[in-house]
Amino acid sequence: MTELPPWDKELPDARVIGTWRGLEPARGIVHLHSPYSHDACDNNPRDDLGAVNEPCLLDLRSALCATRIDFAALTDHDASMADEEFPTLFSMRGNDVAIMDAQANQIGSRMTCDDGHVVTFSVGGENDLMPVMLDRHPTAATLQERHDIYNAYDTAAVAAYRDAGGLAWVAHTESKTVDDLKLLAPDGIEVYNLHANIDPDIRKDYLGLDAGGAIAAAAEFADTNPGHPEPDLAMLAFLTPNQPAITTWNALLGAGLKLPATAGSDAHENAIPIVFADGERGDSYRRVLRWFDNIVMVADHSDPAQVEAALKAGRLFALFELLGTPEGLDIRATNATRTFELGDTVPVADGAMLTVNLPTVHALDPTLPPPIVRARVLWIETPTGVVTELASTDSTVDTRLDVHIGAVGAYRVEIYITPRYLGPYLGDLGPDLAEAELPWIYASPIYVQ
């Protein structure tokens, strides 16, 4: 039997994905918990004296380096994030460097990994709303009022987060109503949330899935016997689109909102405490951050202001990178005079063309079975909200897709992959999990109006 190429537990530098007309990729996690969340680290984020759980924090920091994350948007729960002042919340260690604003207030931090890779941290929160990349806590007269703002679910809270220099995001979209989100008009939403895909109650109540299905499926990857599957592939056993969140996203786009979407790692090290064959827990920070992330398109991947602007503008796509790092992906619209990027708005009179160049899997070993990649273009009509699939590639032939986008609405691209090359790493489980088509990329829309 031919020896398998070694499984890579890390990710390559995001720049291998490519560039787009002066823009480069920055890989980020949007929805991430540290020991300043009450339920992180198996509900033990602090010791009896209140000191941070340092081993858990080290797991997080090491994971960000291993997966070469460029920006980590921390989103801790108000207990205990709201009780701390901003410099503390960056959990700076070693040679970390503070990022200061013009008034000498800390708004971020940079950690340099052993290999020289730099991770930029920002602070946010996750309760009913999810402010990200805040420059400071929202203005509040008392500590209790600060907690109340973080726990609010109204337009006043959205305004408070923006006033504090951040963006108002929505996590767990599967549990939110379209009417509420129309009123809130957030800067962005989650279209996928890992916790939702795992948690028995959320799976049953909001996703219509078998309550215990994810945990039971993931447990197969705890096998330590010879022939065990690669533990990092556990997500193949339960990865499924969060369809209620996607349906809500389409409805909001149809209502005229310009709304980017991210995939939320929601990593706490508190969901799958089973130790897998590689000696790591099932939901180790490294494993979860290896599974998926969000790619923003910026001129300088190290500039947090550009990252925040790209998030707000929708120059981004959610990427399930466990299935492969995409190389050569390009989604753009063109008219007679210019090129439009993700998040841009095309005048309706221009008769523009939307073009998708399908990606390949970066550094794929030629001895492994090739994957099958398919793209589809969806038009969400404004104001009816009708969703129409305009085109889909023949997954065995096409490497490019061109679609005319001459009507008002939002146009978004989904790319799917059948990751057959992962089959040999499934060991005694057999290759079937790698023979199913899975979501690989959810791109934020280009708009026509």
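Only a predicted model underlies this, so the values are computations on that prediction, with no experimental measurement involved.

## Points about the sheet that holds strand β7 (residues 167-170)
On the basis of which strands lie adjacent, the open sheet formed by four strands has the order β6-β7-β8-β9 and mixed pairing. Pairing within the sheet leaves two strands with one partner each, and these edge strands are β6 (130-132) and β9 (261-264). With direction set aside, neighbouring strand axes in the sheet form an average angle of 40°. As paired elements, strand β8 (residues 188-193) and β9 share four bridges and run parallel to each other. Across the sheet, Y192 pairs through a bridge with A263, a residue of β9. In the packing of helix α11 (residues 243-254) onto the sheet, the strands contacted are β8 and β9, and the crossing angle to β8 comes to about 155°.

## Let's talk about the pairing of strand β10 (residues 293-298)
Counting buried residues along β10, six of its six residues qualify, which places the element largely inside the surrounding structure. The two faces of β10 match: D293, I295 and M297 on one face and N294, V296 and V298 on the other face are all buried. Note that strand β1 (residues 24-32) and β10 share five bridges and pair antiparallel. Bridge pairing in β10 places E24 opposite V298. Pairing analysis gives four bridges linking β10 to strand β11 (residues 316-319), with the strands arranged antiparallel. When the bridges of β11 are listed, N294 appears paired with A318.

## What about the sheet that holds strand β14 (residues 339-340)?
Backbone hydrogen bonds are what pair the strands of a sheet, in a parallel or an antiparallel way. If you walk across this open sheet you meet the four strands as β14-β13-β16-β20, and the pairing is antiparallel. The strands lining the two open edges of the sheet, one partner per strand, are β14 and β20 (400-405). Across six bridges, the pairing between strand β16 (residues 352-357) and β20 is antiparallel. Within β20, the residue paired with M353 across the bridge is H404.

## Considerations on the packing of aromatic side chains
Under the defined criterion, the tally for this structure stands at 10 aromatic pairs. Between W20 and F317, the aromatic rings sit 6.3 Å apart at their centres with planes inclined by 85°, giving edge-to-face as the arrangement. Of this pair, W20 sits in the segment before β1 while F317 sits in strand β11; the two residues are 297 residues apart in sequence, bridging distant segments of the chain. You'll find W20 and F317 in the same group, each marked buried. Aromatic side chains W379 and Y411 sit 6.2 Å apart centroid to centroid with 10° between the ring planes, which places their arrangement in the stacked category. Placement of the pair is W379 in strand β18 (residues 372-381) and Y411 in strand β21 (residues 409-418), with a sequence separation of 32 residues. Through a chain of ring-to-ring contacts, the aromatic side chains of Y192, F292, F320 and Y442 assemble into a single cluster. The ring of Y447 carries the charged tip of K258 above its face, separated from the ring centre by 5.6 Å.

Parameters at a glance
Residues numbered from 1 in each chain as written. Predicted model: local features only at pLDDT ≥ 70, side-chain atom pairs only at ≥ 80, totals over all residues. Heavy atoms only, no water. Pairing = 2+ DSSP bridges. Helix = DSSP H or I, 4+ residues; strand = E, 2+ residues; numbered from the N terminus. Axes fitted to C-alpha atoms, helices over the stretch in contact; angles between N-to-C directions. Contact = heavy atoms within 4.5 Å. Buried < 20%, exposed > 50% of the residue type's maximum accessible area, 1.4 Å probe, protein only. Phe/Tyr/Trp six-rings, centres within 6.5 Å; stacked < 30°, edge-to-face > 60°. Lys NZ or Arg CZ within 6 Å of the ring centre and 35° of its normal.

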